[in-house]
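# Summary of structural features
Each chain, written out:
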Amino acid sequence: MSIKSSKLTPQNTSEAKNFLNEIGCSSAGIEVMADKMLPLNIRLDNLLCGSVNIMKQEALAIGMDVAAHKMCVCGKIERSNAILIGNRRKIAQLVERLEKQKNYFEFAQIIGEIKKYL
């Protein structure tokens, strides 16, 4: 018997759970893994570079990333657009981390924008 592969692109949590169920994953495993299967990339515009740099540090710490203007990290520009690169679970974890700092920079507003997509 030969090994075969297929690309899975679930469009929502229900589809992800179905894929996991089809291979015999446990119900506990399905609950843990379904959101990990859903890629989520969010663009945020006009952020202070300080906010972007902190978000990038927090994102990298949990295994996701934040893309921003190349001059943002060195402070040559004041504001930048950014793209959060991850999945639903990781971005929810990022929000939890940012909640602890919501009184700084513009994190309260950023959190509100991100939550629109979770």
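These remarks concern the structure in this document. Since the structure is predicted, the reported quantities are computational estimates derived from the model, not experimental observations. (Residues numbered from 1 in each chain as written. Predicted model: local features only at pLDDT ≥ 70, side-chain atom pairs only at ≥ 80, totals over all residues. Heavy atoms only, no water.)

### Some remarks on the overall build of the protein
Looking only at helices and strands, the protein has five helices and three strands in total. Each helix and strand of the protein, placed in order from N terminus to C terminus, yields the pattern α-α-β-α-β-β-α-α. The C-alpha atoms of the protein give a radius of gyration of 17 Å, which is well past the 13 Å a tight globule of 118 residues would have. Each principal axis of the C-alpha atoms in the protein carries an extent, and together these give about 60 × 30 × 20 Å. A burial count over the protein gives 32% of its 118 residues as buried. Pairs at least 24 apart in sequence give 59% of the contacts found in the protein among residues at least 6 apart. In the form shown here, the protein has an accessible surface area of approximately 7700 Å², with 51% of it arising from carbon and sulfur atoms. Averaging the coordinates of the 17 positive side-chain charges in the protein and doing the same for the 12 negative ones gives two points 4 Å apart. (Helix = DSSP H or I, 4+ residues; strand = E, 2+ residues; numbered from the N terminus. Rg over C-alpha atoms; globule rule 2.2 N^0.38 Å. Buried < 20%, exposed > 50% of the residue type's maximum accessible area, 1.4 Å probe, protein only. Contact = heavy atoms within 4.5 Å. Areas by Shrake-Rupley, 256 points an atom, 1.4 Å probe, with all protein chains shown as cover. Lys, Arg positive; Asp, Glu negative; His and termini not counted. Charge placed at Lys NZ, Arg CZ, Asp CG, Glu CD.)

### A look at the environment of D45
Residue position: D45 is located in strand β1 (residues 39-48). Apart from the residues within four sequence positions on either side, D45 is in contact with S80 and N81. At a separation of 2.6 Å, a polar atom in the side chain of D45 contacts the side chain of R43. (Polar contact = N/O pair within 3.5 Å; in protein donor to acceptor, adjacent residues only side chain to side chain.)

### Thoughts on the environment of E15
Inspection of the secondary structure assignment puts E15 in helix α1 (residues 13-22). Assessed through its relative accessible area of 31%, E15 is described here as partly exposed. As for E15 and M37, which are separated by 22 residues in sequence, their C-alpha atoms are 9.6 Å apart. Every residue in contact with E15, bar those within four places of it in the chain, is listed here: T9 and P10.

### Focus: the packing of aromatic side chains
Going through the model one piece at a time under the given rule, you end up with one aromatic pair. Judged by centre distance (6.1 Å) and plane angle (70 degrees), the rings of F105 and F107 are edge-to-face. Given the relative accessible area of 0%, F107 is considered buried. (Phe/Tyr/Trp six-rings, centres within 6.5 Å; stacked < 30°, edge-to-face > 60°.)

### As for the sheet that holds strand β3 (residues 79-87)
Read from one edge to the other, the open sheet built from three strands follows the order β1-β3-β2, with strand pairing classed as antiparallel. Both edges of this open sheet fall to β1 and β2 (65-68), since each of them pairs with a single strand only. Across the sheet, the mean angle from the axis of one strand to that of its neighbour is 25 degrees, orientation sign disregarded. Alignment of β1 against β3, held across eight bridges, turns out to be antiparallel. Note that in β3 the partner of N41 across the bridge is I85. This element, helix α4 (residues 88-99), spans β1 and β3 of the sheet and lies at about 130 degrees to β3. (Pairing = 2+ DSSP bridges. Axes fitted to C-alpha atoms, helices over the stretch in contact; angles between N-to-C directions.)

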